[in-house]
Amino acid sequence: MPGPLDGLVVLDLSRILAGPTCTQLLGDLGAEVIKIENLSGDDTRAWGPPFATGPDGQPTDLSAYFLSINRNKKSVAVDLTDAGVQTALRDLAGRADVVIENFKPGGLRRYGLDHETLCAAHPGLVYCSISGFGQTGPNRDKPGYDLMAQGYGGIMSITGAAGDEPMKVGVGVADVVCGLYAATGILAALRHRDATGEGQHIDLALVDSTMSWLANQGLNYLTSGISPVRAGNAHPNIVPYQVFATADGYVIVAVGNDSQYARFCDYLGQPGWATDPRFATNTARLANRDTLVPMIEAELARRSMQDVIDGLETRRVPVGPVNTIEQALESDQAQARGMTITLPAPQTAAGEVRLLGNPLKFSRTPVSYRRAPPATGADTADILPDPGDDA
């Protein structure tokens with residue numbers, strides 16, 4: 001069954017994480033994604049271990065990092081400094097609907113692959129540029145990596161335990177969210193193109209996208225003029241809404257309103273806490289957080305994790321475990337929802353690779369998993385038979 005983007009051609013000049021996240025999503029939705037790599041491959045091919053092992057028992061060029069965001073793509077490995085390659089890629093852009101790149105601003109101009117050149121030659125082209133700080137502004141020429149974007153964009157200042165050093169999120173979340181914004185922007189630009197015939201350039205910055213998802217914490221500052229600070233797992237606006245230790249593990253208790261709080265107090269055997277003026281409303285609980293939370297901690301520390309989960313689920317109070325990645329991905333819920341998949345990969349010793357699934361569930365045009373992440377240059381000969389030919 002064709003996907004919703006069946007027939008769409010994407011020329012992917014991106015590497016590392018943000019751009020490949022975007023193009024993997026477009027590929028899952030049915031687009032043909034042609035990934036252009038340098039002759040040694042995307043940098044992330046070497047970001048390991050772990051690596052998928054080849055039939056000879058040696059590591060392949062498929063690091064776990066690369067595997068995470070490069071399925072449903074064809075790989076073309078070329079030397080961008082070669083004039084013939086540049087001509088071939090400009091021709092390839094002529095049959096593409098989308099070009100996406102994450103070079104430094106202006107970095108592709110010397111190859112004739114910049115947005116000014118390609119959009120002028122192909123007025124219907126949607127061209128998306130991802131960079132650290134965007135195509136404008138005083139920092140436009142500075143490099144951008146996820147860690148720096150998390151730092152500059154403010155998210156690290158509120159991540160980590162109170163009083164400890166700022167902490168990055170455990171995955172490259174600035175890159176991943178930027179990739180999702182890129183996919184959304186590309187789809188919006190394609191809708192405009194389909195209605196008017198007019199393509200356009202999308203300018204997207206890691207730092208901008210990071211600031212955009214500061215969400216309530218960003219608005220806490222904009223509304224009050226006071227910068228939020230690190231508070232560990234505690235929520236800045238809701239109490240109790242955090243991780244608590246039990247006798248044998250950790251649970252998340254997420255009390256979102258006063259009626260849930262009353263039922264939580266019933267489970268704790270402390271119904272008086274629900275009517276105590278210090279704790280009866282969320283506003284009061286916020287003001288008296290330092291009094292209430294230690295009381296809750298003492299009660300939960302005497303109970304087992306499963307008792308807390310069962311007791312609060314029975315009372316319809318949001319609660320859940322803190323899973324390891326293994327526990328999350330091997331859970332019956334993850335398996336039922338197809339959140340891990342297996343694709344054939346004959347270049348590996350196992351003959352297959354196990355990957356994360358796509359969370360989108362369409363009723364008419366489901367996502368498809370057609371190709372495992374490719375070896376470097378696996379499709380060069382098919383797509384660019386003579387990449388060094390100037391003719």
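For the structure itself, consult the block above.
Fair warning: this is a prediction, and the values are worked out from it, not measured in the lab.

> So what's going on with the overall build of the protein? Residues and values would help.
Secondary structure summary: the protein contains 16 helices and 13 strands in total. On the principal axes, the C-alpha backbone points of the protein span a range of 85 × 50 × 40 Å. Out of the 391 residues belonging to the protein, those deemed buried represent 46%. Taking contacts inside the protein between residues at least 6 apart in sequence as the whole, the part at least 24 apart equals 68%. Carbon and sulfur atoms form 55% of the exposed surface of the protein, whose accessible area is close to 19,100 Å². The averaged location of the 44 negative side-chain charges in the protein is 6 Å from the averaged location of its 31 positive side-chain charges.

> Account for the nonpolar core, with residues named and values stated.
When a protein is soluble and globular, its nonpolar side chains tend to lie buried together. In terms of nonpolar packing, the biggest core is built from 29 residues, with Val10, Leu26, Ile100, Ile130 and Ile186 touching the most fellow members. Mapped by element, the contributors of at least two residues to this core are α1 (18-28), β6 (98-101), β7 (126-131), α6 (173-196), β8 (200-205) and α7 (206-212). Ranked by residue count, the leading element in this core is α6, at seven residues. The contact partners of Ile186, leaving out residues within four places of it in the chain, are Cys22, Leu26, Val98, Ile100, Val126, Cys128 and Ile202. Ile34, Leu108, Cys119 and Ile383 belong to the second-largest nonpolar core, a separate cluster that totals 25 residues.

> Describe the sheet that holds strand β11 (residues 319-321), naming the residues involved and giving the relevant values.
Spatially, the three strands line up as an open sheet ordered β9-β10-β11, and their pairing is antiparallel. The sheet is open, and its two edges are formed by β9 (241-245) and β11, each paired on a single side. The mean inter-strand angle of the sheet, taken between neighbouring strand axes irrespective of direction, is 25 degrees. Against the sheet, helix α13 (residues 305-314) engages β10 (250-254) and β11, with an angle of about 150 degrees to β11.

> Any details on the pairing of β9? Residues and values, ideally.
Relative to β10, β9 runs antiparallel, the two sharing five bridges. Note that in β10 the partner of Ala245 across the bridge is Tyr250.

> Residues and numbers for a nonpolar patch on the surface, please.
A grouping of Trp47, Tyr145 and Met148 is seen on the molecular surface, where their side chains present a nonpolar patch of about 330 Å² in accessible area. With respect to the helices and strands, Trp47 occurs in the loop between β2 (32-38) and β3 (51-53). By relative accessible area, Trp47 is classed as partly exposed at 36%.

> Before we move on, could you go through the side chain of Asn70 and cite the residues and values that matter?
One can find Asn70 in the loop between α2 (64-67) and β5 (73-78). Taking relative accessible area as the criterion, Asn70 reaches 0% and is therefore assigned buried. From its side chain, Asn70 meets the backbone oxygen of Phe66 in a polar contact 3.0 Å long. A polar atom in the side chain of Asn70 sits 3.0 Å from the side chain of Lys73. Dropping the residues within four chain positions of it, Asn70 is found in contact with Pro20, Gln24, Lys35, Pro373 and Pro374.

> How would you explain the pattern of salt bridges if you had to name every residue and give the values?
This structure, assessed with the given rule, holds 18 salt bridges. Between Arg371 and Asp379 there is a salt bridge, with the nearest N and O atoms lying 2.9 Å from each other. Put simply, Glu32, Lys74 and Arg95 are held in one network by salt bridges that share partners.

> How would you explain the state of the cysteines if you had to name every residue and give the values?
The full count for this structure, using the stated rule, is zero disulfides. With no disulfide of its own, Cys119 lies 11 Å from the sulfur of Cys128, the closest cysteine sulfur.

Rules used in this analysis
- Residues numbered from 1 in each chain as written.
- Predicted model: local features only at pLDDT ≥ 70, side-chain atom pairs only at ≥ 80, totals over all residues.
- Heavy atoms only, no water.
- Helix = DSSP H or I, 4+ residues; strand = E, 2+ residues; numbered from the N terminus.
- Buried < 20%, exposed > 50% of the residue type's maximum accessible area, 1.4 Å probe, protein only.
- Contact = heavy atoms within 4.5 Å.
- Areas by Shrake-Rupley, 256 points an atom, 1.4 Å probe, with all protein chains shown as cover.
- Lys, Arg positive; Asp, Glu negative; His and termini not counted.
- Charge placed at Lys NZ, Arg CZ, Asp CG, Glu CD.
- Core = buried A, V, L, I, M, F, W, Y, C linked by side-chain atoms within 4.5 Å.
- Pairing = 2+ DSSP bridges.
- Axes fitted to C-alpha atoms, helices over the stretch in contact; angles between N-to-C directions.
- Patch = residues over 30% accessible without salt bridge, like charges linked within 9 Å, V, L, I, M, F, W, Y side chains within 5 Å.
- Salt bridge = Lys/Arg side-chain N within 4 Å of Asp/Glu carboxyl O.
- Polar contact = N/O pair within 3.5 Å; in protein donor to acceptor, adjacent residues only side chain to side chain.
- Disulfide = S-S within 2.5 Å.

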